Amino acid sequence: MDIHSIKTAARENFAGSCRVCPVCNGVVCAGEVPGMGGLGTGAAFRHNIEALAECRLNLRTVHDVKRPDLTCRILGLELDLPVIGAAIGGTALNMKGAMTEQEYTEAVVSGCRNAGTISMTGDGPNPIVFDSGMAAIHKEKGWGIPIVKPRQTEKIVELAEKAAAAGCPAFGIDIDAAALVNMTNAGQPVGPKTGKELEYIKNHTTIPFIVKGIMTPDEAEACWQAGVDAIVVSNHGGRALDYTPGTAEVLPYIAEAVKGKMTILVDGGVRSGVDVLKMLALGADAVLIGRPVIIGAVGGGKEGVEFVLDQYKAELHAALLLTGTAKVSDVPVEILW
Ligand SMILES: Cc1cc2nc3c(=O)[nH]c(=O)nc-3n(C[C@H](O)[C@H](O)[C@H](O)COP(=O)(O)O)c2cc1C
């Protein structure tokens, strides 16, 4: 298995829903939601890529870092690399059924585990999305993190308890899905949450609570005040609101507000181990990757997912050596130019 054969197979299986471009940057697929692109003009997706591209690293090789440490501890979990599979739902709608929801979640949850890390799973108007994620997590004895839509608060608590009963180490909500009309149209209303509602969810659940889709320091601070354990700095891969900045642009300001007080995860346009290192230098504790994992799964099943993650690991290892960074758990901002 190599990346070329994975991409070729993925391109075929996607049947046009993703062109598997040489650089996955949201240009060709702009506006393709449903689909694999960014919403509207696709600006928010592109900003994710551009913000990371703007960020430069100092090459340093006169130092004593010979065996960098890629392991990290996130929400009490020991991971071999600071890269987590992002929550993805809706294979029928977004990937023209390249895989069933069940095939997809099994490939990703198992592939991530085999690579020494963990995956989140998604949610949607069709219960098959959440249920397939849970089934895949069950198969891996609870090793997965379900992310549910910002449904009615009691419903979130109910699904979080299902996750806890399955042995999941955490659960979350993608709060940036607050305006998802296909949920509301299906009689499952979603919406923004107040700090008090977040606090209620935290106080009525038993496993760590993640809020995914935070883009401003004040909202990160509000999550912390509500007792939220981790945030994901995310614009939903550019699929929630057109024209948001790139996540790498807002991350340093959010880190300034809450770094060390709660876990900071980030996603959006992370396309290599070098991008992972940039996000860590900008203040993240770990990153999520979405579309590259999808391509791995659609092109190579769970082995494809593992292959993609191994590639990130190798690139991150080299980037640590070439910036003189001893460990991913302590990346100094000074490695940025
Ligand atoms: C096809 C597709 C489906 C997604 N479904 C979900 C979902 O169900 N829940 C969620 O929290 N995020 C969902 N996301 C967003 C991802 O979790 C993640 O935030 C985003 O893909 C990261 O950007 P990247 O793809 O550039 O790495 C989805 C993204 C895509 C592309």
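The structure we're discussing is the one just above.
Residues numbered from 1 in each chain as written. Predicted model: local features only at pLDDT ≥ 70, side-chain atom pairs only at ≥ 80, totals over all residues. Heavy atoms only, no water.

Sorry, what's going on with the overall build of the protein here?
Regarding its fold elements, the protein presents twelve helices and ten strands. The C-alpha radius of gyration of the protein comes to 18 Å, within 12% of the 20 Å expected for a compact globule of 337 residues. Projected onto its principal axes, the C-alpha coordinates of the protein cover approximately 60 × 45 × 40 Å. When the 337 residues of the protein are sorted by exposure, 55% land in the buried category. When the accessible surface of the protein is split by element, carbon and sulfur atoms take 55% of a total near 13,800 Å². Positive and negative charge centroids in the protein, built from 30 and 38 side chains respectively, lie 2 Å apart. (Helix = DSSP H or I, 4+ residues; strand = E, 2+ residues; numbered from the N terminus. Rg over C-alpha atoms; globule rule 2.2 N^0.38 Å. Buried < 20%, exposed > 50% of the residue type's maximum accessible area, 1.4 Å probe, protein only. Areas by Shrake-Rupley, 256 points an atom, 1.4 Å probe, with all protein chains shown as cover. Lys, Arg positive; Asp, Glu negative; His and termini not counted. Charge placed at Lys NZ, Arg CZ, Asp CG, Glu CD.)

I'm lost on unusual backbone geometry in this one. Help?
Most peptide bonds take the trans form, and the phi angle of most residues other than glycine is negative. A cis geometry characterises the amide bond from Val-33 onward to Pro-34, with omega recorded as 0°. By the element assignment, Pro-34 lies in the loop between α1 (3-14) and α2 (43-54). Of note in this structure, Lys-141 is not a glycine but carries a positive phi near 55°. Relative to the assigned elements, Lys-141 resides in the loop between α5 (127-139) and β5 (145-148).

What is the right way to look at the pairing of β5 in this model?
Residues in a regular strand project their side chains so that they alternate between the two faces of the sheet. Alternating positions in β5 separate into two faces, Ile-145 and Ile-147 on one and Pro-146 and Val-148 on the other, with burial throughout. Across two bridges, strand β4 (residues 120-121) lies against β5 in parallel orientation. In the strand pairing of β5, Met-120 is matched with Ile-145. Each parallel crossover has a hand, and the one from β4 via α5 to β5 is right-handed. Two elements, β5 and strand β6 (residues 171-174), share two bridges in a ladder whose sense is parallel. When the sheet's bridge partners are listed, Ile-147 is paired in β6 with Gly-172. Crossover β5 to β6 through helix α6 (residues 153-165) is right-handed. (Pairing = 2+ DSSP bridges. Right-handed = clockwise from strand over helix to strand, strands pointing away.)

Would you mind going over the nonpolar core with me for this structure?
Burial of nonpolar side chains together is a common tendency in soluble globular proteins. Core analysis: the biggest nonpolar cluster contains 103 residues, and Phe-14, Met-120 and Met-279 have the highest contact counts within it. Every residue in contact with Phe-14, bar those within four places of it in the chain, is listed here: Val-20, Met-36, Met-95, Lys-96, Ala-98, Ile-294, Ile-295 and Val-298. (Core = buried A, V, L, I, M, F, W, Y, C linked by side-chain atoms within 4.5 Å. Contact = heavy atoms within 4.5 Å.)

I keep staring at the site of the ligand and nothing clicks. Help me out?
Taken together, 24 residues are adjacent to the ligand, and Ala-87, Asp-267, Gly-269, Arg-271 and Arg-291 come closest. Side-chain polar atom of Lys-212 to an oxygen atom of the ligand: 3.0 Å apart, as the coordinates give it. Side-chain polar atom of Asp-267 to an oxygen atom of the ligand: 2.6 Å apart, as the coordinates give it. Here the ligand loses 98% of its free accessible area of 610 Å² to cover by the protein chains. (Near = heavy atom within 4 Å. Polar contact = N/O pair within 3.5 Å; in protein donor to acceptor, adjacent residues only side chain to side chain.)

Honestly, the packing of aromatic side chains in this entry has me stumped. Any pointers?
Aromatic ring pairs are described here by two measures, namely the spacing of the ring centres and the angle between the planes. Inspection of the entire model under this criterion finds one aromatic pair. Plain terms: the ring middles of Phe-171 and Phe-209 are 5.0 Å apart, the flat faces sit at 5° to each other, and that makes the pair stacked. With Phe-171 in strand β6 and Phe-209 in strand β7 (residues 209-214), this pair connects stretches of sequence that are 38 residues apart. The same class applies to Phe-171 and to Phe-209, which are both buried. When the ring centre of Trp-224 is taken as reference, the NZ or CZ atom of Lys-261 above it lies at 4.0 Å. (Phe/Tyr/Trp six-rings, centres within 6.5 Å; stacked < 30°, edge-to-face > 60°. Lys NZ or Arg CZ within 6 Å of the ring centre and 35° of its normal.)

I keep staring at the sheet that holds strand β10 (residues 286-289) and nothing clicks. Help me out?
Whether parallel or antiparallel, the strands of a sheet pair through hydrogen bonds between backbone atoms. Read from one edge of the open sheet, eight strands run β3-β10-β9-β8-β7-β6-β5-β4, paired in parallel fashion. The open sheet has two edge strands, β3 (83-85) and β4, and neither has a second partner. Bridge count between β6 and β7: four bridges; the pairing is parallel. Its bridge partner lying in β7, Ile-173 is registered against Val-211. On the sheet, helix α8 (residues 195-203) packs against β6 and β7 and is oriented at approximately 150° with respect to β7. Here helix α9 (residues 217-225) sits on the sheet and contacts β7 and β8 (230-233); the angle it forms with β7, its principal contact strand, is near 170°. (Axes fitted to C-alpha atoms, helices over the stretch in contact; angles between N-to-C directions.)

Would you explain the packing of helix α4 (residues 101-114) against helix α12 (residues 291-321) in this entry?
Packed helices, taken two at a time, are described by the angle between their axes plus the distance between the axes. Two elements in contact, α4 and α12, have axes whose closest approach is 7 Å; the angle formed by their N-to-C orientations is 15°. By the angle between their axes, α4 is roughly parallel relative to α12. Note that α4 runs across α12; the crossing there is left-handed. Residues Tyr-104, Ala-107, Val-108, Ser-110, Gly-111, Cys-112 and Asn-114 of α4 lie in contact with α12, whose contacting residues are Val-293, Ile-294, Ala-297, Gly-301, Lys-302, Val-305, Glu-306 and Leu-309. When grouped by side-chain class, the residues that make up the contact of α4 with α12 number nine nonpolar, four polar and two charged. (Parallel < 35°, antiparallel > 145°, perpendicular 65-115°, else oblique. Left-handed = near helix turned anticlockwise from the far one by under 90°. Nonpolar A, V, L, I, M, F, W, Y, C, P; charged D, E, K, R; others polar.)

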